[in-house]
Structures are given as structure tokens and as C-alpha cells.
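The chain contents come next:
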Amino acid sequence: MARPFHTYNGPFKVKDLANKLGLSYEGDGEKSLHDVNTLTSATGDELTFLDNVKYSEFLTTTAAGAVICHPKFADKIPQGMTVFFSEMPYVDYARVLTLFYPQQGSGKVHPAAVVDETAKLGEGVTIGAGAYIGAGVVIGDRTVVEANATITHAHIGTDCIIHSGAVIGGDGFGFAFDGKQVLKVPQVGMVQMGDRCEIGACTTVDRGSLENTVIESDVKIDNLVQVAHNVKIGQGSQIVSQTGIAGSTKLGKGVIIGGQSGVVGHIELADGVMIAARSGVTKTLTTKGTYAGFPAVEFRTWKKLQAAISRLAKSKGKS
Amino acid sequence: MARPFHTYNGPFKVKDLANKLGLSYEGDGEKSLHDVNTLTSATGDELTFLDNVKYSEFLTTTAAGAVICHPKFADKIPQGMTVFFSEMPYVDYARVLTLFYPQQGSGKVHPAAVVDETAKLGEGVTIGAGAYIGAGVVIGDRTVVEANATITHAHIGTDCIIHSGAVIGGDGFGFAFDGKQVLKVPQVGMVQMGDRCEIGACTTVDRGSLENTVIESDVKIDNLVQVAHNVKIGQGSQIVSQTGIAGSTKLGKGVIIGGQSGVVGHIELADGVMIAARSGVTKTLTTKGTYAGFPAVEFRTWKKLQAAISRLAKSKGKS
Amino acid sequence: MARPFHTYNGPFKVKDLANKLGLSYEGDGEKSLHDVNTLTSATGDELTFLDNVKYSEFLTTTAAGAVICHPKFADKIPQGMTVFFSEMPYVDYARVLTLFYPQQGSGKVHPAAVVDETAKLGEGVTIGAGAYIGAGVVIGDRTVVEANATITHAHIGTDCIIHSGAVIGGDGFGFAFDGKQVLKVPQVGMVQMGDRCEIGACTTVDRGSLENTVIESDVKIDNLVQVAHNVKIGQGSQIVSQTGIAGSTKLGKGVIIGGQSGVVGHIELADGVMIAARSGVTKTLTTKGTYAGFPAVEFRTWKKLQAAISRLAKSKGKS
């Protein structure tokens, strides 16, 4: 079996998938599809999809039994191939995969999980082995906490996924030096997380110092990301792996930050700001758009700068 | 209740706080203060503080019942406001928060913690659920090990805090290639940590290969930091999130390293060296001062370089 | 006792070590060696080694009872010192340390480990306290999983070491936006790991989305590294701490990546490619060699660029 780790709900007939997805199709509606696979690996009883134009050449050679693709590729589809037409092939690929492999958690607390007796779990919450849910924590319905995650000082919404090794609600990094010794500044806020959020493996979200660290609904955070105390991340934002957001910074809605980036503390990023990977954002960005570099500047400026630097390397070294 | 997760020792009368903190005050000594909050959020029965000049405008509009501030702002304080005068408002804010919300651990080993029978725990040590204290580990009095932290091959001092997900005493990354295969170099040293240290969530401190990895007293390390084998970090140093210190490097006392920085192996940083965020230090730094960039240079040089690069972006692209 | 945390198999006589290592020696074959230490710390009953030319001065001052060194240093060895001659002193240092301190795991599953009843463990597998081995996971003979590591959706080979806090087989970061909401893309692949691999503390290796994430044999990965979904890492590659490899990227055999580097998704690095620390690789590299910078270029080009940038800082700021 190709997918040993997942609950399998297939196979599906082509006509039934089309019905469930609300898509039109051409070809053999009675054909039974057993799995989903890539254009180059799919076999005759598997479904595949074309999302990226640069892979369209594989349409003519794929051995897949059926393909989800945009109507604009209709003329490239080999004769006899069964095809689902979709305006958003990647979205429908996600939806069909969810039909084959349903994604909900078990809805159970593993016997080796540790849930403090004062924590409140909603309906159908899944807690993995070794996960720790601390005193007073509230977790919304259907949220999944994977094995060995740690949640303290937090209210988590519904339908969230907290991955293994993540630490939500730890102490922020705050110290005061009195001239003789370093005093710890108590961190008496919490983490307030909305619904449908995802927090990656070994990602750390510190609790607030006085006010709360806030992760709004639909925020998706990848692995090994640092979210410092008092940060606010607006709805639908996505933060890619190994990025760090320093204390008290506020991200608007739909902000996207590429991997290994850093954002300094006490600034604001406007709704819809996109930050390229490995950037360092040092100032408030008030305008939606794409930014890159360290210090981060508008993408267009950064491209010019990169070109200028590249020319430097080719110069003869006369200044 | 605004602070659901913390043991609460308040309220306090103004005159009693002044007494405990050793501060003078003006205003209503009988006023009862129920909590501490920011200048913009504090209500009439809450205490706030002014530390940063740029927030001084909020002094005139805050609804707080009392404020801790420096005497130099005396003339900006609205008539009738109760005020504590402090030479170090941020320090006294930390102290007052500690009065409201005492910070010591429970002093208990959680039933779901795993402490090897050969480990030695001091008086009042707190070990969280799922934390693992390996064979032979020694932990000093009052140290707190949070849930799901892992400590092996280490001696930890008193009054330390090891946060969730931290891994202390893991194998260093050492291999020898014999021309055919990669041999593991045994890592037979340990981690020696002083008193009052703090190690952040998901931070990794590898044990020494032959000699020890040493974290001196009062060192504060943020989340997701990598400390490689044989590193020595001098007393009172602070390392911000996602920084990495490569093998055998020695940091002096009071070294401060900004977030997402890297320091190569086998070098030394002098006492009092400060490294700006996202810097890469490639050479020994023998002089106290601030450094930035990759390769890191004196801050003044780096500023010049940044200005020169910035001009490049504005040039017409003729080389 | 200098090494409180390790099983000790010594002492050894010089002649016996020479025999076991297959090395020639000069000096007192009956001398008993009790431990291994650095050139500067070793005492008269300890063995040391000289690997790096720059430490050769210490040969004349070391108090060690014996030294492993290359024959080319024969004339620098003080009279009367016992010496093992080795073509590869660092390799023989690793071998001798392994004799003194055998490195195999206990071969036991700790009572506080959680192993799903459908997981399959080979012979002599060691699983630490709090580690979680999920449903269907397969782990090869003699592999060691340290405390609080998490393994799901994975097949792991023989003789691997998975360090504490590592998360193998977590969800990849994949989402599809349908114009209204962000849909999770199910991640139905797994992690396929070969033999003799090492995965560092708090390192995350995501499972594949459709195909598998593949870590070939003899791959060594340091702490806090991110390996995204569908990545393939070729045999014998080494990835240093805090590096990130984005989705679907393929590394050839023997690729070495320095710390805090990043590699974008959907590219390929040829066999034998070396990437300097803190580099950002943005394009496929088809030729063996060393690369550095962001965007990463050939090392020679990068050196020129660094020199040009350095001159910029010294220029008068006229553009």
C-alpha cells in the first residue's frame, strides 16, 4: 500500500468525484480512481493534477487515469484521457485528497498526554502522546495537538493544529538590569489564538508580558518559527519556516513572510504585505506590496540593488 | 480576571508598594492598586510605568491609577495623579510585577516528569510534565525545568529556568571521514551551567566533546538558539532568539548577541561585545564595542557600508 | 571522575591500543592510558592527538602520556614521549574514544517512551523517555531515539540516531487559497530514512505531500534544521545547524551545507556541492564546488564581491 499512514476513504468513481467536487468532466465516468499522485508517478487507476504551466508538457506523457486541469489546457489533453475541468486545480487537488484521506483528528486524548485538571477541552479535541496542556488552558472544538507539543498560558480556538514540539505560551524574553543584577520581568499575559490556525513543529509562541500575544484566525505558521511576546499576527497571515518576529510587532491581515526572515520589534506591517525569504524587516511598512533584503526595501528597489552588487563583483576593483 | 494563569498576591495600597520598593511617592497613599498594565490600557485601579521617552505623551492621557516614572518627567505628570518616582522605572516595574505575581516554581516534580534515579535534584526544584532528567544530571536548588524539556549530561546551577522543548546536553555534531565512511566522534564532555541562567524554548545546548560546554551564571538565552559543543558563554551574557554559536567559541562576560546572528567556531568575543541582530561574526573580536553585518565589522563601519550600498541602488547602473 | 556520564571501558595499555587500532607506536608499550584529552589538558596517564598543524607547538609542552599524530611531525615529538603514528589522526582519535567510551544505545525501550502498538522496532532499538513512535512507523536495528523525540509517518533505517526534540514525519506546510478560505493540502506521503543517519535536536523533517521525503544513508543533520516536504538528501550529505531546505529540493550525494543557510524549493544541488555558512541558494547548482553568499555564487566570485563591498565602505561616499 502506497500510503501506509493514512485513513483511506477511496476508491471513487470519476462521476462521483465530479459530483462531490462540483466539477464537469470528460471521459469515463465509471472509471474507478484508487489514489492521487504526481503527473510523473501516477498510474492508470490514479488521479493527478496540473497546476503549474511549466509542467504542462507532462500532460502528454502521464500514465494517470485522470487529471484535474484548467480548461485553458483543453487542447493539450491527449485523446482518451479522463479530465476534470477546474478553475482552481490546486484547490480541487486539495479537496480531492481530503476525500481520499480524511484529515480530522481522532478526537481522543492519548493516555500518555498530560492535561491539567483545570484545562478546558472542547468537543472532539485530539491530544497526542506526551503533549502537555497546562493549567487554565482552553482549547476549542476539533483542535488537534500533536505528540510532545506544550501549551501553557493560552486560549486556543477551534479547528487548530498544533504540531509536535511546538511550545505555545512560554515566557517572553524580558530582563531589567539594575546596575548589579539582571532581573526577570514577569510575563503575565497569555497567548490568544483564533480558529483554524496551524502552528508548526518546534515553533515557539511566547505569551505576552502585560497584554496578550495574539494569533488571529486562519494564521498558518511553519516549523521552527519564533513569535515573541506581545506580537499580534492578523487573520490569514502565513509565516514560513525559521522566521522570527520580535516583541510587540503587529502584522496586519494576510501578511506573508518567507522563510528565514526576521522582523524587528515594535513595528507594524500593513495588511497584505509580502516579505521575501531571508529578509530582515527593520521599519514599519504602511503599504501593501512585496519587500525584500536586509534592511527590507520594496522588491523593485531590491532587484536594482542586487543588480548593482552583481556588477560590483565584475568590476576590476578600482574604486 | 485579566490574568487567569498567574498566582495573584495583590491588591496593594500605594503606601505599601512604596515601602516595599523603597520609592518615594506623591498622591493618595491609601489608594488600592489591583494590577499593572500599559500606559494605554491601565484603568483607575491599575499601576503603569513610563520607561521610554517616546511614550511620555501618554502620561497626560493615561487612565491609570498610578504611574512609576523618572523624576525628570515630574512636570509632565497630570495634577492629581499618584506617582512613584524611580531612577530605574523599568527595573521597578519588574519588581512590582513580581510582587503582584510571584514567580517561583511550584517546587514539585510533576508525576508525569521522568527523573532518572541517579539524577540529583536540589531543594525546591520544579520539574514539569514530560520533562526528562537523565542519568547523573545534577540540578541546583529552586531551578525550574518546564514541561517537555530534556536534560542529559549536565550539571545545572541554582535558580535557573529551562523552558519547554529545550534540549541540554545532546550530542555535539562531530564526524571524522576515513576515506570510506563517516565515523561518529564520541562526545564525552558535559554541559556545566551556573546559577540564575535561563534557557529558552526549543533551544539546544550540546555537551562538550572532550572538555565541557560552559554556561556561566546569569546567562540568558532566548528561544531556538543553538549552542554547539565546547562553547563557553561568560557571565551575564544574553543571546537573542535563533542565534547560533558554533563549536569551541568563547564569549566573554556581558556579551549581547542580537537575534538570528551566527558566530563561527573557534573564535573569541571579548567582554562586553555587542552584536547587532542578523550579524555573522567570522573573526575574534578583542575589543568591547558594537558590531554588525556579515562579516561583522564595527558598527560605525557597517553604517558607512550600508549607506554606500544604499547609494548603489540609486545609481544608474553604469559601472 | 572526569567523565561522569559515559560507560567507561578503559584503561588500555599502549601496546593494546596500537593493536586494536592497527597503528605503529614508539615508546612504552606497557604504559596504561586512562582517558583521552586535549593537548593542553591531558595529563601523564592520558592520551591526546594532534590533527591541526596550528596546534603543533603544543606537542612540545603537552603533559600527555601519549599522542596520536601524523608521521610528518615525528621530528617535533619530544624525546621520551610515547607516540602512535597515524595517517588520519582525527579518525584514530574518534576510534580510540569509541574504545574508551562505547557508543551503542542501551537497546531498551524506556518505560516512559510511547510506542504505538502498530509500530515495528528492529533488534536492539533504544527509545528514550517521552519519545513517541507513532502508528505504522518502522525503525531499523540498533537505531537510537533519544528522549522526547517524535517520529510519525516514517520508515527509519538501522544504526540511526534521532536526537531529543527532533520531529520526524510532521505535516508539510501546504495550503491552497480558493478566494475565500485557506484549505489545508493533505500531506499523505511519509519520511523514508536510510541507515546510519543522525538527526539533531529540535530538527524537523516533514513528511512528503504525495511522494516521500527521502533521507539517504549516512546523512548527518545537526540541530534546529528544517527539512521540508518532498526534499531528498543524497547519501553522506551533512547539514549544519539552523539550515533550512525548502520543499521538493533534491540534494545529491556528499553535499555539505554550512550553518544558517537556506536552500529554496524545487531546485537541485549536484553531488559534492559545498555551501558556506549563512548562504542562500536560489538556483540549481549543477557543478561540484564551493558556493557562498545570498544569492549563492561560486566561492571565488563571492570573495571578489566581498572585496568590492569592503572597498565601498572605504570610499568617500561619492556616487
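Residues numbered from 1 in each chain as written. Chains lettered and ligands numbered in written order. Predicted model: local features only at pLDDT ≥ 70, side-chain atom pairs only at ≥ 80, totals over all residues. Heavy atoms only, no water.

Student: Where do I start with the overall build of chain A in this structure?
Tutor: In terms of regular secondary structure, chain A is built from three helices and 36 strands. In terms of its C-alpha atoms, chain A occupies a principal-axis envelope of roughly 80 × 70 × 30 Å. Within chain A, counting contacts between residues at least 6 apart in sequence, those at least 24 apart form 20% of the total. In the form shown here, chain A has an accessible surface area of approximately 12800 Å², with 51% of it arising from carbon and sulfur atoms. The positive charge centre, built from 30 side chains, and the negative charge centre, built from 30, are 11 Å apart in chain A. (Helix = DSSP H or I, 4+ residues; strand = E, 2+ residues; numbered from the N terminus. Contact = heavy atoms within 4.5 Å. Areas by Shrake-Rupley, 256 points an atom, 1.4 Å probe, with all protein chains shown as cover. Lys, Arg positive; Asp, Glu negative; His and termini not counted. Charge placed at Lys NZ, Arg CZ, Asp CG, Glu CD.)

Student: How should helix H1 (residues 14-21) of chain A be read in this particular structure?
Tutor: Count 3.6 residues to each turn of an α-helix, and residues three or four apart come out pointing the same way. All names here are of chain A. Of all the positions in H1, only Val14, Leu17, Ala18 and Leu21 are classed as buried. Taken around the axis of H1, the buried residues stretch over an arc of 100°, which confines them to a single face. Residues of H1 that are buried make contact with strand E1 (12-13), strand E2 (24-26), strand E3 (32-33), strand E5 (46-49), strand E7 (82-85) and helix H2 (89-100). Immediately downstream of H1, the backbone of Gly22 shows phi near 70°, a positive value. (Buried < 20%, exposed > 50% of the residue type's maximum accessible area, 1.4 Å probe, protein only. Arc of directions from axis to C-beta.)

Student: Explain the interface of chain C and chain B here, please?
Tutor: Interfaces are often sized by the amount of accessible area the parts lose when they come together. Counting residues at the interface gives 52 residues for chain C and 57 residues for chain B. Carbon and sulfur atoms make up 65% of the area that chain C and chain B hide from each other, which totals about 4200 Å². Taken as a group, C:Phe5, C:Asn148 and C:Arg278 account for 16% of the area that chain C buries against chain B, more than any other trio of residues on that side. In this assembly, chain C and chain B are joined by one salt bridge. The partner of B:Lys184 in a salt bridge is C:Glu198, and the shortest N-O contact between them spans 2.8 Å. Between the two partners, chain C and chain B, sit 18 residue pairs in polar contact (both at pLDDT 80 or more). For the side of chain C that touches chain B, the elements supplying multiple residues, two or more each, are helix H2 (89-100), strand E24 (220-221), strand E27 (238-239) and helix H3 (299-314) of chain C. Ranked by residues supplied to the side of chain C that touches chain B, first place goes to H2(C) with seven residues. Residue composition of the side of chain C that touches chain B, by class: 26 nonpolar, 20 polar and six charged. (Buried area = accessible area lost by both parts, 1.4 Å probe. Salt bridge = Lys/Arg side-chain N within 4 Å of Asp/Glu carboxyl O. Polar contact = N/O pair within 3.5 Å; in protein donor to acceptor, adjacent residues only side chain to side chain. Nonpolar A, V, L, I, M, F, W, Y, C, P; charged D, E, K, R; others polar.)

Student: Would you mind showing me how to read the side chain of B:Gln260 here?
Tutor: You can see B:Gln260 is positioned in the loop between strand E30 (256-257) and strand E31 (262-263). Among residues more than four places away in sequence, those in contact with B:Gln260 are A:Gln242, A:Thr243, A:Gly244, A:Ser261, A:Gly262, B:Ser241, B:Gln242, B:Thr243, B:Arg278, B:Ser279 and C:Arg278.

Student: I would appreciate a short explanation of the pattern of salt bridges in the present structure.
Tutor: Think of it this way: side chains of opposite charge can pair up when their charged atoms draw near. All names here are of chain A. Per the counting criterion, the structure on display carries 33 salt bridges over all chains. Between Arg207 and Asp171 there is a salt bridge whose closest N-O contact spans 2.6 Å. Of this pair, Arg207 sits in the loop between strand E22 (204-206) and strand E23 (213-215) while Asp171 sits in the loop between strand E17 (167-170) and strand E18 (175-177), placing them 36 residues apart in sequence. By relative accessible area, which is 7% here, Arg207 ends up buried.

Student: Would you mind showing me how to read the relation of the copies chain A and chain B here?
Tutor: The relation between the two chain copies is a rotation about an axis coupled with a shift along that axis. For the pair chain A and chain B, the relating rotation is 120°, the translation along its axis is 0.0 Å, and the fit reaches an RMSD of 0.0 Å. Look at the turn and shift together and you get a three-fold axis relating the two. Mapped onto chain B, only 16% of the interface residues of chain A are again interface residues, and the two copies thus contact each other with different surfaces. (Least-squares fit on C-alpha atoms with pLDDT ≥ 70 in both.)

Student: Where do I start with the relation of the copies chain C and chain B in this structure?
Tutor: When chain C is fitted to chain B, the best match, at an RMSD of 0.0 Å, comes from turning it 120° and sliding it 0.0 Å along the axis. Both copies present different contact surfaces, since only 17% of the interface residues of chain C are interface residues in chain B too.

Student: Explain the sheet that holds strand E2 (residues 24-26) of chain B here, please?
Tutor: Within a sheet, each strand pairs with its neighbour through backbone hydrogen bonds, oriented either parallel or antiparallel. All names here are of chain B. Across the sheet, which stays open at both edges, the five strands sit in the order E2-E7-E6-E5-E4 with mixed pairing between neighbours. Every interior strand has two partners, whereas the edge strands, E2 and strand E4 (35-36), have only one. The sheet contact formed by E4 and strand E5 (residues 46-49) spans two bridges and is parallel. Considered in E5, the bridge of Val36 is made with Leu47. Packed on one face of the sheet, helix H1 (residues 14-21) meets E2, E5 and strand E7 (82-85) and runs near 5° to E7. (Pairing = 2+ DSSP bridges. Axes fitted to C-alpha atoms, helices over the stretch in contact; angles between N-to-C directions.)

Student: Please clarify how the packing of aromatic side chains should be interpreted in this entry.
Tutor: What describes a pair of aromatic rings is the distance from one ring centre to the other and the angle between the planes of the rings. Residues and elements named next belong to chain A. Tallied over the full model, the rule gives 33 aromatic pairs over all chains. Centre to centre, the rings of Tyr55 and Phe58 are 6.2 Å apart; their planes meet at 35°, and the pair counts as tilted. Taking the relative accessible area as the measure of exposure, Tyr55 reaches 32% and is therefore partly exposed. On the basis of relative accessible area, Phe58 is assigned to the partly exposed category, the value being 27%. Three or more aromatic residues joined by ring pairs form one cluster here, namely Tyr8, Phe12, Phe100 and Tyr101. (Phe/Tyr/Trp six-rings, centres within 6.5 Å; stacked < 30°, edge-to-face > 60°.)

Student: I tried to follow helix H3 (residues 299-314) of chain A on my own but got confused; where do I start?
Tutor: With 16 residues, H3(A) should cover 22 Å at 1.5 Å per step; its first-to-last C-alpha distance of 23 Å lies within 8% of that length. Where H3(A) is concerned, the buried positions are A:Trp302, A:Leu305, A:Ala308, A:Ile309, A:Leu312 and A:Ala313. Down the axis of H3(A), the sector holding all buried residues measures 150°, keeping them to one side. In H3(A), those exposed residues whose orientation departs by more than 90 degrees from the buried face are A:Arg300, A:Lys304 and A:Lys314. Those residues of H3(A) that are buried lie in contact with strand E35 (289-292) and strand E36 (297-298) of chain A, helix H3 (299-314) of chain B together with H3 of chain C. (Expected span 1.5 Å × (residues − 1).)

Student: Just checking my understanding: could you explain the pairing of E5(B) for this structure?
Tutor: On any regular strand, side chains alternate: one points to one face of the sheet, the next to the other face. Residue and element names in this part refer to chain B. A two-sided burial pattern is seen for E5, the buried positions comprising Glu46 and Thr48 on one face and Leu47 and Phe49 on the other. Sheet topology note: the E5/strand E6 (residues 66-69) ladder contains three bridges and is parallel. The residue bridging Thr48 from the neighbouring strand is Val67, located in E6.

Student: Explain the sheet that holds E17(A) to me, please; I cannot follow it from the model alone.
Tutor: Residue and element names in this part refer to chain A. Read from one edge of the open sheet, nine strands run E8-E11-E14-E17-E22-E25-E28-E31-E34, paired in parallel fashion. What marks the edges here is a single partner per strand, and that holds for strand E8 (114-115) and strand E34 (280-281). Where strand E14 (residues 150-151) meets E17, two bridges bridge the pair, whose relative direction is parallel. Residue pairing in the sheet places Ile151 in a bridge with Ile168 of E17.

Student: How should I be thinking about the packing of helix H1 (residues 14-21) of chain C against H2(C) in this particular structure?
Tutor: Working note: a packed helix pair is described by the angle between its axes plus the distance between those axes. All names here are of chain C. Relative to each other, H1 and H2 sit at 115°, their axes nearing to 11 Å. Pair H1 / H2 crosses with right-handed handedness. Contact residues: Leu17, Lys20 and Leu21 in H1; Asp92, Arg95, Val96, Leu99 and Phe100 in H2. Here the residues of the contact of H1 with H2 sort into five nonpolar, no polar and three charged. (Left-handed = near helix turned anticlockwise from the far one by under 90°.)

Student: I would appreciate a short explanation of the interface of chain A and chain B in the present structure.
Tutor: At the interface, 58 residues of chain A touch 52 residues of chain B. Buried surface at the junction of chain A and chain B, summed over both partners, amounts to about 4200 Å²; 65% is from carbon and sulfur atoms. Three residues, A:Phe173, A:Val188 and A:Leu210, lead the burial of chain A against chain B; their summed loss comes to 18% of the area buried on that side. Along the contact surface separating chain A from chain B lie 19 residue pairs in polar contact (both at pLDDT 80 or more). At the level of elements, strand E15 (154-156), E18, strand E19 (182-184), E22 and H3 of chain A are the ones that each hand at least two residues to the side of chain A that touches chain B.

Student: How should the packing of H3(A) against H3(C) be read in this particular structure?
Tutor: Running from N to C, H3(A) and H3(C) point in directions that differ by 105°, and their axes come no closer than 8 Å. Relative to H3(C), the element H3(A) lies roughly perpendicular. For the pair formed by H3(A) and H3(C), the contact residues are A:Ile309, A:Leu312 and A:Ala313 on the first element and C:Thr301, C:Lys304, C:Leu305, C:Ala308, C:Ile309 and C:Leu312 on the second. Here the residues of the contact of H3(A) with H3(C) are counted per class, giving seven nonpolar, one polar and one charged. (Parallel < 35°, antiparallel > 145°, perpendicular 65-115°, else oblique.)

Student: Help me understand unusual backbone geometry, please; the structure alone is not making it clear to me.
Tutor: In most cases, non-glycine residues show a negative phi, while peptide bonds are predominantly trans. In this model, A:Gly10 is joined to A:Pro11 through a cis peptide bond whose omega is -5°. Residue placement: A:Pro11 occurs in the segment before E1. That bond from A:Phe294 to A:Pro295 is cis: its omega, 0°, falls within 30 degrees of zero. When you line up the elements, A:Pro295 lands in the loop between E35 and E36. Positive phi is not limited to glycine here, since A:Gln242 has a value of about 65°. Within the secondary structure, A:Gln242 is located in the loop between strand E27 (238-239) and strand E28 (244-245). When its relative accessible area of 9% is taken as the criterion, A:Gln242 is described as buried. Residues other than glycine seldom take positive phi values, yet C:Asp218 does so here, at roughly 65°. Within the secondary structure, C:Asp218 sits in the loop between strand E23 (213-215) and E24. Given the relative accessible area of 13%, C:Asp218 is considered buried.

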